[in-house]
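This is what each chain is made of:
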Amino acid sequence: MYQFFRNQLGSIRKVYLKGNTIIRRDDFASYPETVLLLHGFFQTRNIWEVMEQRLRRENIGVFSFDLGGLLWRFNTRSITEQAQNIAEKIESICERRQLESFHIVGHSMGGLIARTYIQQFGGDRRVKSLVTLGTPHHGTPTAILGVGLMGGGLLSVSPLQMLPRSRLLKRMHETHFPAHIPLTSIFSRQDLVCPWWASVLAPHHGNGQIQNFQVNNVGHSELTSSSAVYQLVLQSLRHRINRVQKQ
């Protein structure tokens, strides 16, 4: 039973109770390709530890942010606010590190933050590709639990933004995702936090670079550490990298 809940929500000891244990590295811009990792609601960047190690072994630079929020460490700020903050941080980082562009991998709400950054705050000029893991692109009914946890919106409005037909999601779908940026959604049938149907993307006219991949027997938080998911992430990144190199 414990393993079941851990796969869905993450390790209490390693993700929630532990301080920031990911070693900060400033060499990410020196790699041939660089990836920004964005974690989800009420999570910490510790959830990316396995993914970061794997990507670095493939000679891919990685960086992530402490997104702050409740208790100064959990990601509870609004999706729009986080996207705007990231846009400002990114421009400062790119100027200091001479980093022109990068890829993004977003887990859960992190994928919605990435989309908002790309579609509303100029991220389309920087982002090469976006891969989302268990992201509720169409909203998820389980966000109602987060609404209760956050005092009905008093502590955080982000769970309200992740409900189906929320104002933020309606606006996101009214503005088409940039056609020049490949968008990949990876989801699991066994994800109880974000049901698979909430993650399925429908390609729209003029954008043939939208892909969906389904995995089995993987929980919501487990998407960030599953070897099967990682292989799909790597496949998506390599496909984009190879296309750019051939141009």
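Just above sits the structure.
First, a word on scope: everything that follows refers to the structure included in this document. (Residues numbered from 1 in each chain as written. Predicted model: local features only at pLDDT ≥ 70, side-chain atom pairs only at ≥ 80, totals over all residues. Heavy atoms only, no water.)

What about the overall build of the protein?
Using the following cut-off: Only DSSP runs of H or I covering at least 4 residues are called helices, and only runs of E covering at least 2 are called strands; the numbering of each starts at the N terminus. Note on classification: 1.4 Å probe, protein chains only; a residue is buried when its accessible area is under 20% of the maximum for its type, exposed when over 50%, partly exposed between these limits. The contact rule is simple, with two residues in contact once any of their heavy atoms fall within 4.5 Å. Here the Shrake-Rupley method, with its probe set to 1.4 Å, supplies the accessible areas, and only the displayed protein chains count as covering residues.
If you tally the helices and strands in the protein, you get ten helices and six strands. Every one of the 247 residues in the protein was classed for burial, and the buried ones make up 55%. A fraction of 78% describes how many contacts in the protein between residues 6 or more apart in sequence connect residues 24 or more apart. With an accessible surface of roughly 11800 Å², the protein has 53% of that area assigned to carbon and sulfur atoms.

Section: helix H5 (residues 109-120)
Just so we agree on the cut-off: Multiplying one less than the number of residues by 1.5 Å gives the expected span of a helix.
Taking 1.5 Å of rise per residue, twelve residues should cover 16 Å, and H5 covers 16 Å from first to last C-alpha, within 8% of that figure. With eleven of its twelve residues buried, H5 lies for the most part within the structure. Buried within H5 we find Met109, Gly110, Gly111, Leu112, Ile113, Ala114, Arg115, Thr116, Tyr117, Ile118 and Gln119. Residues of H5 that are buried make contact with strand S1 (34-38), helix H4 (79-97), strand S3 (102-107), strand S4 (127-133), helix H7 (158-161) and helix H8 (167-174). Positioned one or two residues after H5, Gly122 has a phi angle of 80°, which is positive.

Some points on the nonpolar core
Here is the rule we go by: Nonpolar cores were defined as sets of buried Ala, Val, Leu, Ile, Met, Phe, Trp, Tyr and Cys residues, with membership established by side-chain atoms within 4.5 Å.
In terms of nonpolar packing, the biggest core is built from 38 residues, with Leu36, Phe65, Ile90, Phe102, Ile104 and Tyr117 touching the most fellow members. Of all the secondary-structure elements, those providing two or more residues to this core are S1, H4, S3, H5, S4, helix H6 (143-149) and H8. Sort the elements by how many residues they give to this core and H4 lands first, with seven residues. Leaving out residues up to four positions away in the same chain, Ile104 has contacts with Leu36, Leu38, Ala114, Tyr117, Val127, Ser129, Leu130 and Val131. Residues Val35, Val105, Val131 and Leu223 belong to the second largest nonpolar core, which totals 22 residues.

Some details on the side chain of Gln119
What counts, and what does not: What qualifies as a polar contact is a pair of N or O atoms within 3.5 Å, subject to a donor-acceptor requirement within protein and to the restriction that residues adjacent in sequence count only when both atoms come from side chains.
Topologically, Gln119 is positioned in helix H5. For Gln119, a relative accessible area of 16% corresponds to the buried category. Only 3.0 Å separates the side chain of Gln119 from the backbone oxygen of Met172, close enough to count as a polar contact. Setting aside its immediate chain neighbours within four residues, Gln119 contacts Met172, Thr175, His176, Phe177 and Pro178.

Quick notes on the packing of aromatic side chains
To be explicit about the condition: Here a Phe, Tyr or Trp ring, Trp counted by its six-membered ring, pairs with any other such ring whose centre lies within 6.5 Å, and the pair is stacked when the planes are under 30 degrees apart, edge-to-face when over 60, and tilted otherwise. Think of it as a cone above the ring: NZ of Lys or CZ of Arg counts as a charge over the ring if it is within 6 Å of the ring centre and within 35 degrees of the ring normal.
The full count for this structure, using the stated rule, is four aromatic pairs. Centroid distance Phe41 to Phe42: 5.8 Å. Interplanar angle 40°. Geometry classified as tilted. In this structure Phe41 comes out as buried when scored by relative accessible area, which is 17%. Seen in terms of ring centroids, Phe63 and Phe102 are 6.0 Å apart; in terms of plane orientation they differ by 80°. Their pairing is edge-to-face. Of this pair, Phe63 sits in strand S2 (residues 61-64) while Phe102 is found in strand S3, placing the two residues 39 residues apart along the sequence. Residue Phe63 shares its accessibility class with Phe102, and that shared class is buried. In this structure an aromatic cluster arises from ring pairing among Phe28, Phe63, Phe65 and Phe102. Over the face of the ring belonging to Phe65 we find Lys89, whose NZ or CZ atom lies 5.1 Å from the ring centre. Taking NZ or CZ as reference, Arg189 lies 3.8 Å from the ring centre of Trp196, over its face.

Focus: the sheet that holds S3
Defined as follows: By the convention used here, strands pair only if DSSP detects at least 2 bridges between them. Orientation is described by axes fitted as lines to C-alpha atoms, over the contacting stretch for helices, and by angles from 0 to 180 degrees between their N-to-C directions.
Taken together, the six strands give an open sheet; going across it, the order is S2-S1-S3-S4-S5-S6, and neighbouring strands pair in parallel fashion. Each end of this open sheet is capped by a strand with a single partner; those strands are S2 and strand S6 (210-215). Between one strand and the next, the sheet's axes are offset by a mean angle of 20°, whatever the strand orientation. Pairing geometry for S1 and S2, over four bridges, is parallel. When the bridges of S2 are listed, Thr34 appears paired with Gly61. In the packing of H4 onto the sheet, contacts are made with S1, S2 and S3, and the angle to S1 comes to roughly 155°.

Re the side chain of Ser199
Note on placement: Ser199 falls in helix H9 (residues 196-199). The class of Ser199 is buried, set by a relative accessible area of 0%. Among all residues touching Ser199, those that are not within four sequence positions of it are Gly134, Thr135, Pro136, His137, Ser185, Phe187, Cys194 and Asn212.

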